Amino acid sequence: MNWFEANNRDVVQAVPPSKRLIHFYSFIKRRQERYLARVAHDAERYASLVDDPVLDNWKFTNVYRILDRVTQYELKHVIDDVDGRFDGMLDHMIGIYIFRLFNSIPTWEMLPEEYKYCPSKHLTDIEAFVEDKRRQGVTIYNNAYMLTPPWTFGCETRTQLFMRTLRNMLADESLHKVYSSPDLRETFGIFLRQEGFGEFLAYQFALDYSYNHFDVDYEAFVVPGIGCQRGMRRVWPGLGKELMPGILKCMAKSKLWIELLTYEGKELPLRGNDLQNCFCEYDKYCRVQSQEKARLKNAFSRKYSQLEEPYIPKAWRI
């Protein structure tokens, strides 16, 4: 069963019982409390929350996907283009692709201004610039995503592969369709058909383009990544993939016992894509806690520090 079929199943009417469910809820609740204390500039509250050696010493992403540091930057400076830098719609749609491809603020900021904001005229220049930096030993890609080996598609580098895919999407206007569609199922399907895109990457790109629209139904289509699948099976051992989207959608509609993010007095619900990320992080939390011999999270050495108010996508404020 693929994710299109799994999402067509009826939404689970109730979250299945599990002895581990309270443990999962506790993890996301405490992670969110730490974030909110830093946003509120409440050092005293933050200090009272330092009681978990795993959360206190290892890095975990925030509960909401949009609160990821890189996504916050992308929302403000690329997707919403608050500085009004892009030359037009074509350059804007290409800019979103390029930013998420490298998934790196330093890489974006090192690109020359005309390459970033008028990329339609500089695709070859961008590729040459990035490859030159890579040969100099500069880290170009954020390692959060595992990308397809380029040689499986006859390319020497990731940049060559994904820039070729970008050109193909521009030629057949599939990138235009992604940019204009609020339907996650449709945009996921478009990306999934492209060279270099697997299920996880296709969903991440589809989510980024969704922030450009105000009428997206985030519970209509959810794609659990491999990490999410592992995390969900820690709560429900042996859980089949066909049930996962329905459970995530059901959880998104239920009370999760955590303090939600608010904007102008309105609560922003946790969505299915947020919960799929939470389960991925929960799997990593459990691996650190049990000292499993697997790739763990990075050590978290930063002490209490204040955070700015989160940036909420313009499309969500309509």
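Up top you'll find the structure we're talking about.
Small disclaimer: the values here were computed from a predicted structure and weren't measured.

Cut-offs and rules
Residues numbered from 1 in each chain as written. Predicted model: local features only at pLDDT ≥ 70, side-chain atom pairs only at ≥ 80, totals over all residues. Heavy atoms only, no water. Helix = DSSP H or I, 4+ residues; strand = E, 2+ residues; numbered from the N terminus. Buried < 20%, exposed > 50% of the residue type's maximum accessible area, 1.4 Å probe, protein only. Areas by Shrake-Rupley, 256 points an atom, 1.4 Å probe, with all protein chains shown as cover. Contact = heavy atoms within 4.5 Å. Polar contact = N/O pair within 3.5 Å; in protein donor to acceptor, adjacent residues only side chain to side chain. Phe/Tyr/Trp six-rings, centres within 6.5 Å; stacked < 30°, edge-to-face > 60°.

## Things to note about the overall build of the chain
On a plain count of helices and strands, the chain comes out with 16 helices and two strands. Along the first, second and third principal axes, the C-alpha atoms of the chain reach 55 × 45 × 45 Å. Expressed as a percentage of its 318 residues, the buried residues of the chain come to 53%. For the chain, the accessible surface area stands at approximately 15,400 Å², while carbon and sulfur atoms represent 50% of it.

## Some remarks on helix α12 (residues 184-192)
At 3.6 residues per turn, the α-helix brings residues three or four places apart onto the same side. When α12 is considered as a whole, its buried residues turn out to be Leu 184, Thr 187, Phe 188, Gly 189, Ile 190 and Phe 191. Tucked into the core, α12 has its buried residues touching α1 (3-8), α6 (89-102), α10 (158-171), α11 (174-180) and α13 (199-210). The distance from a side-chain oxygen at the start of α12 to the backbone nitrogen of Arg 185 is 2.9 Å, and the residue carrying that oxygen is Asp 183.

## Some words on helix α15 (residues 244-252)
In terms of burial, α15 is a largely internal element, nine of the nine residues being buried. Three or more residues of α15 are buried, namely Met 244, Pro 245, Gly 246, Ile 247, Leu 248, Lys 249, Cys 250, Met 251 and Ala 252. At its buried positions, α15 is contacted by α1, α2 (21-39), α14 (226-235) and α16 (272-290).

## Focus: the packing of aromatic side chains
Inspection of every chain in the model, using the stated rule, returns 30 aromatic pairs. With a centroid separation of 6.0 Å and an interplanar angle of 45°, the aromatic rings of Phe 24 and Tyr 25 are classed as tilted. Overall, Tyr 25 belongs to the buried group, its relative accessible area being 6%. Note on Phe 162 and Phe 197: the rings are 5.6 Å apart at their centroids and 80° apart in plane angle, and the pair reads as edge-to-face.

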